[in-house]
Amino acid sequence: MAADLGELLVPYMPTVRVPRTGDRVFKSECAFSFDSPESEGGLYVCMNTFLGFGREHVERHYRKTGQSVYMHLKRHVKEKATGAAAGAVPRRRNGKVFLDLELNRDFNGEDYEYEDEAKLVIFPDHFEIPLPNIEELPALVTIACDAVLNAPSAYKKQEPESWEEEIQVSRHARSLRQLDNGVRIPPSGWKCQKCEMRENLWLNLTDGAVLCGKWFFDGSGGNGHALDHYRASNYPLAIKLDTITPDGADVYSFEEEEAVLDPHISEHLSHFGIDMLQMQQRTENGHHTDNNARPRVSEWEVIQEAGMKLKAVFGSGFTGIKNLGNSCYLGTVMQVLFSIPEFQRMYVGNLQKIYDYSPLDPSQDFATQMAKLGHGLISGQYSKPPMKSELIEQHQQKGVSPRMLKSLVSRGHPEFSSNRQQDAQEFLLHIINLVERNSAGSENPSDVFRFTVEERIQCCQSRLVRYTQRVDYCIQLPAPIEAATNREELLAYDAKRKEAEDNMRAPPEPVRARIPFTACLQAFTEPENVPDFWSSALQAKSAGIKTSRFSSFPEYLIVQIKKFTFGVDWVPKKLDLAIDVPDFLDLNRLRASGLQAGEEELPDLMPPIVLPEDTRDNSMSSIDSPEIDEAAVMQLAEMGFPLEACRKAVYYTGNMGPEMAFNWIIAHMEEPDFAEPLTLPSMIDPGPSTSDIPMGTASLENSPPEESVSILTSMGFPRSHGIQALKATNNNLERALDWIFTHPEQEESDSLSGMADTEPNGNTFSNANSHSDSTLSPDRDASGPRVKDGPGRYELFAFISHMGASTMSGHYVCHIKKEGRWVIYNDHKVCLSERPPKDLGYIYFYRRLSSS
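Residues numbered from 1 in each chain as written. Predicted model: local features only at pLDDT ≥ 70, side-chain atom pairs only at ≥ 80, totals over all residues. Heavy atoms only, no water.

A. Expanded view of the overall build of the protein chain. In terms of helices and strands, the protein chain carries 21 helices and 28 strands. Per-residue burial for the protein chain yields a buried fraction of 52% across its 852 residues. Taking the intrachain contacts of the protein chain between residues at least 6 apart in sequence as the baseline, contacts between residues at least 24 apart amount to 71%. (Helix = DSSP H or I, 4+ residues; strand = E, 2+ residues; numbered from the N terminus. Buried < 20%, exposed > 50% of the residue type's maximum accessible area, 1.4 Å probe, protein only. Contact = heavy atoms within 4.5 Å.)

Here is the structure:
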């Protein structure tokens, strides 16, 4: 028999490989579907590419590649027989076979047992060889099979690449000495013992001193008194006060100079009167709540409709998405996108075509992975109702796991590739970006979101105007707190809160601002000042005002409520708001009207280039001694970033302050030369003097530094416009920004880029992809973005809600209106909604009403 098997495998030996370092083995999920070893047909792993395929798709891979040898993995999940010992370890047959295969977390290990089975299958005859079969298989095949079976999962392979380092236990935790000095820490009202700081406070675990931080890894501000205290006392461990929850807290070791774990944290905190088991997580406005007080219904409960007996729904369009760990921002966005017919038609309607033309590695193909997820959500194959023998209450909704798509769309992105929570709006724009890039020559479903904006800028002195147009995908509505209907209640709460802080008492019950949607819309339409506006009529800087209107209305309108602001630690913090968002919206009154009778346009001139008199004479000395704000450099360095990286950050952001430089650091910290010394670009002859340049000419024959171009594109400006601005300002980044804001009509159509890095800004539109084209028409040709115009009347059909204090934490759920009923999608759970919390949403999606 051994000879027979050896002879049988001889023709296929050249195609059988042993996984090498760096090879990813996909033995937990099919590349085209969500089939796994637990599926009815099991999973087939190609012994050459190590890609996994379900029974329905393995034949396609065989026909396309000619690969004949596959390992078939099958896990049989069985409910334990009555009387099985509770808490027993699940029984496994061939336990070593699936050594690193992740268990399905939907099954309770105490109630189920697993039988694992593996075999080699040779196509096209489906000849099967049970494993393990060491004696009868050739040595190479045996080694390859053993390597595949013991290889870590494809996704575990990627975990070390994350820039989040694993936190280690402090060597001081076990032997920490705590002084018996009678210090007791109140539950709120903390203040640094050496200054007035109330943010970024750290409790020293030896003597109970409460002091402010300065340079810790999260970038928060302070005066460094906690570090000074360590230098004077050598007390090594401190805990950040506002991070204490029943699950743990942020601990820092001054002596080890890094964040650490403290296994005895509960005991160490109880020494100062802090009972972790009685602690509650911070409410959305950042304050602790008293356990004995009757709390208001939190947004967590309202948005998730907690306490209600929600009815689970199954079938087509009612499949949940598993949370991979802070991935709910992805799940909610994809649920909404695949509720839109254009996305369904593009990816699910063309499923077979996409699969047939997919590359040899479909796990790296955007269209394939979008089709895979879309089919998983729409088909109903992974959302089946309970059998008659099952109780609905006991039937678990499993949902689909978007690991492959997340790995693909987040690759190379410093934020989305991490395991941290992210902003759903930024991810939505990131996905639209990818859809745009991958729709060349085919239907682009993101066309339904695209619209044009008319911007009117008026010189307040000359009264002349300029009209420009640009393309956008999302409008951002301000939330004017001053328009709150419960303003008096808010003022009273603020006074009570300050009094409680001063007296170190527990804060009062929070009050949520209630703002009319009409006030948000009014703030959206208000004229805004244009800073440093250069009037071409006056040939000088002047006051300018800008108003924005819709040149066209999209088929689907995305509305973001600007609920987030930046705190003193530069972390986005959420405003506690409730807005009465309407079900129906009529924006026709915001339709742009263009140049009006009696209006006169500003001359089409650019500002003159003003260079310092000694620019040419001292060009080399300026290279040797660049102007760098050393105070900003030190502020960044004290956060723990390399000094040279801080100098580069401040230089390349034009000395525009530590916040801008901090953003540069975050965007470039993965680069190999991140910490290398600052190397300035070579100075190019500036060309003719300013007096020789005709008015309206804005070109110096130089090439802008790529770093400056990258900074501008990361802010959402098209690359071509950034280059033009830098050339017009002798590569001065700060002046280039002024030039861009005062010359919006010069923006040119550019490829969709940098969208995922766009930060919320003061503009009323998202500026996610700001194209400008004065000749843009509602139905432009294929050479540019298509804009489909129509009436500005809409109906709300979906919204995404966020719970938590910041976009960097918390949880997202979405509500989608289907078949006349609101449905809540909370990770893998899909239920009929009883009270959709439309007033607490973050991103709203409207569909255009038919004109009939």
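B. Up close: the nonpolar core. Core analysis: the biggest nonpolar cluster contains 98 residues, and Met-71, Leu-120, Met-334, Tyr-347 and Phe-449 have the highest contact counts within it. Looking at this core, the element that brings in the most residues is helix 12 (residues 424–437), giving eight residues. For Met-71, the residues in contact, after removing those within four places along its chain, are Leu-43, Tyr-44, Val-45, Met-47, Lys-119, Leu-120, Leu-131, Cys-145, Val-148 and Leu-149. If you look at the next biggest cluster of nonpolar residues, it comprises 33 residues, including Ala-484, Val-559, Phe-799 and Trp-822. (Core = buried A, V, L, I, M, F, W, Y, C linked by side-chain atoms within 4.5 Å.)

C. Local environment of the pattern of salt bridges. In total, this model carries 28 salt bridges according to the counting rule given. Among the salt bridges present, the one from Glu-455 reaches Lys-546, with a minimum N-O distance of 3.8 Å. Note that Glu-455 is positioned in strand 12 (residues 451–459) and Lys-546 in strand 17 (residues 540–550), a separation of 91 residues in sequence. The pair formed by Glu-455 and Lys-546 is uniform in burial state, with each residue classed as buried. (Salt bridge = Lys/Arg side-chain N within 4 Å of Asp/Glu carboxyl O.)

D. Spatial organisation of the environment of Arg-505. Summarising the element assignment, Arg-505 is placed in the loop between helix 13 (487–502) and strand 15 (513–515). Accessibility expressed as a relative area gives 42% for Arg-505, which makes it partly exposed. Linking Arg-505 and Gly-189, residues 316 residues apart in sequence, is a C-alpha distance of 6.0 Å.

E. Structural detail: the packing of helix 16 (residues 630–637) against helix 18 (residues 658–668). Running from amino to carboxyl end, helix 16 crosses helix 18 at an angle of 50°, the nearest separation of the two axes being 10 Å. Considering their axes alone, helix 16 and helix 18 lie oblique with respect to each other. Relative to helix 18, the crossing made by helix 16 is right-handed. Across the interface between the two elements, Ala-632, Gln-635 and Leu-636 from helix 16 touch Pro-658, Ala-661, Phe-662 and Ile-665 from helix 18. Taken together, the residues that form the contact of helix 16 with helix 18 break down as six nonpolar, one polar and no charged. (Axes fitted to C-alpha atoms, helices over the stretch in contact; angles between N-to-C directions. Parallel < 35°, antiparallel > 145°, perpendicular 65-115°, else oblique. Left-handed = near helix turned anticlockwise from the far one by under 90°. Nonpolar A, V, L, I, M, F, W, Y, C, P; charged D, E, K, R; others polar.)

F. Helix 18, seen in detail. Every buried residue of helix 18 is listed here: Ala-661, Phe-662, Trp-664, Ile-665 and His-668. On an axial view of helix 18, the arc spanned by its buried residues comes to 160°, and they lie on one face. (Arc of directions from axis to C-beta.)

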